[in-house]
Every structure is written in structure tokens, then in C-alpha cells.
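Listed below are the residues making up each chain.
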Amino acid sequence: MSIEISPSILSADFSNLISDISECEKENIGIFHIDVMDGHFVPNITIGSVVVESIRKKTKSILDTHLMIENPERYVEAFAKAGSDWITFHIETTNSPLGIIKKIKDLNVKAGISLNPGTPIEKIKPYLEDVFMVMVMSVNPGFGGQKFMPTVLSKVSRLKECRGKLKNKFKIGIDGGINFDTISEVVKAGAELVVAGSAVFKTELGIRKSIEKLRELSK
Ligand code: DX5
Ligand code: ZN
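Residues numbered from 1 in each chain as written. Chains lettered and ligands numbered in written order. Predicted model: local features only at pLDDT ≥ 70, side-chain atom pairs only at ≥ 80, totals over all residues. Heavy atoms only, no water.

### Looking at the coordination of the zinc ion (ligand 2)
Donor atoms from the polypeptide that coordinate the zinc ion (ligand 2) comprise His33 (NE2), Asp35 (OD), His66 (ND1) and Asp175 (OD), at 2.0 to 2.3 Å from the metal. In this structure, the zinc ion (ligand 2) is coordinated by 6 donor atoms arranged in octahedral fashion, with angles at the metal of 71 to 171°. Between consecutive donors of the zinc ion (ligand 2), the numbers of intervening residues give the motif H-x1-D-x30-H-x108-D. Take aspartate 35: its relative accessible area is 5%, and that puts it in the buried class. (Donors = N, O, S within 2.8 Å, 3.2 Å for Na, K, Ca; no water. Tetrahedral: all angles 85-135°; square planar, octahedral: opposite > 155°, others 65-115°. Buried < 20%, exposed > 50% of the residue type's maximum accessible area, 1.4 Å probe, protein only.)

Below, the structure is given as C-alpha cells:
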């Protein structure tokens, strides 16, 4: 089965971001994952909308923005206007998921929902008809390069099962700790969009060969 790889630029070289992005594009990568962290919902602070705006000017690829922030409704517009194609927020950060989904869609952006390893899928079940993607976290969000948590694999297969009964065929994504050792099991479980940061940008093989190897191992 063919899967999509979304390289997380968090692990790229920020002083050479566009050159890292172009190198991925030469390998036919067409989606980039942008990890937005606020120092509140997660301990780390990373990328703001100005960075998305700059990247947007240099690439036509899909910009897959992952908001790991409190009060996501306050920032959706800025990230949409900056040029995000997809915006994913965390279920743990809001009491009105439908309001945020509507806000994202009204800005002509695709809306995704994400859940932490400790959050049961029951929490997102009411919204599965409303989102185009569910992003299952396979690490506790906050940092790149963490160890994959295999306990989340059952969530991927259960989501696939739920989707069978629904009209809305949302995409199943997975994010965190995906590398040469773990990609095959996540794909077997049913993940279709695989986020990979360190495994694309920080291996000895270099970017192009790492992508090739990830693809090979996901077959
Ligand atoms: C974790 C982020 C991930 C992470 C992926 O908080 O949401 O996107 O950067 O990086 P790796 O692939 O290195 O785990
Ligand atoms: Zn992410």
C-alpha cells in the first residue's frame, strides 16, 4: 500500500530550511509537517506563523500545520493566512472542537484532529465525520526524536474500523518516533500519512536516501 510521508521540519536545519525542503521535493515529497509548540500545552516553543509565511513563498507543497498549543482558536486564522493547507489541533486543548473545525474550514483549510497517547479515541469519535484527518500521536508531543510508543497502534486499527462504518473517509496519520525500525508496523496497523522528523533529516544516510529507505520499509 502506498503511504504518504510528511517530513517534520522541526528536525531540519533551520539555517538551511528551504534547501532541506527542496531536497525532499526532489524525492517527490509533497507534504511538510510544521510543528507549532507554545511552551504551555507542551514544554517546548518552536515555530510561529511568520515561518509558515516564509516557507509558503518558496514551495507549492502541502503545508501540514500541527498546532500543539492552548487556545488553538486564537491562532487558526494566522496560520491559515500564512499559507497552511492543513491545520490539525489537539482534542485536549478545547471544549469546542466543532467550533475550531468550522473556523479552519471557513478559512478554506483542511481540518485535522490529533490526540495524545494517553487520550482514548472515544474523545474524538463525535468528530470523525467532520475532519479530513486524524493524527494519532505516538509520542507525548513536545520534542522531535522521541521513542515510538507501540501501545498507540491499537488506536490506529480501531480508527480504521470506525471509518469503515462512516461516510467520511478521513485519513489516518501518525506522528512521533517513526523511523526505519517502526515504519513498517505503523503502516501494517493502517496509518496512511506518516510524519517523520529525525528519520528524514537526522540520519547518517542523508535526506534523500532516508526517504528512499522509509518508503522501501513501508511497502
Ligand atoms: C512531536 C511532534 C512530531 C515530531 C516528529 O511533538 O509533533 O511531529 O517532531 O519527530 P520525530 O519523527 O523525530 O519523532
Ligand atoms: Zn507533529
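On we go.
### A word on the layout of surface pockets
Taken as a whole, the largest pocket spans an internal volume of roughly 340 Å³. Looking at the lining of the largest pocket, its residues break down into 13 nonpolar, 14 polar and 3 charged. The volume enclosed by the second largest pocket comes to roughly 220 Å³. Looking at the second largest pocket, it is lined by 14 residues, and the ones nearest its centre are Val36, Met37, Asp38, Ile69 and Tyr75. A per-class count over the lining of the second largest pocket returns 7 nonpolar, 4 polar and 3 charged. (1 Å grid on protein atoms, 1.4 Å probe; cavity = no way out; pocket = protein on both sides within 12 Å on 5 of 7 lines; lining within 4 Å. Points joined across faces, edges and corners; volume = space filled by probe spheres on them. Nonpolar A, V, L, I, M, F, W, Y, C, P; charged D, E, K, R; others polar.)

### Thoughts on the pairing of strand S4 (residues 86-90)
Counting buried residues in S4 gives 5 out of 5 residues, a clear majority hidden from the surface. Burial along S4 is two-sided: the face carrying Trp86, Thr88 and His90 and the face carrying Ile87 and Phe89 are both buried. As paired elements, strand S3 (residues 62-68) and S4 share 3 bridges and run parallel to each other. Looking at S4, one finds that histidine 66 is bridged to threonine 88. At this point the chain moves from S3, through helix H3 (residues 76-81), to the parallel S4, and the crossover so formed is right-handed. Sheet analysis places S4 next to strand S5 (residues 110-115), joined by 5 bridges and oriented parallel. Within S5, the residue paired with tryptophan 86 across the bridge is lysine 110. Considered for its hand, the β-α-β crossover made up of S4, helix H4 (residues 97-106) and S5 is right-handed. (Helix = DSSP H or I, 4+ residues; strand = E, 2+ residues; numbered from the N terminus. Pairing = 2+ DSSP bridges. Right-handed = clockwise from strand over helix to strand, strands pointing away.)

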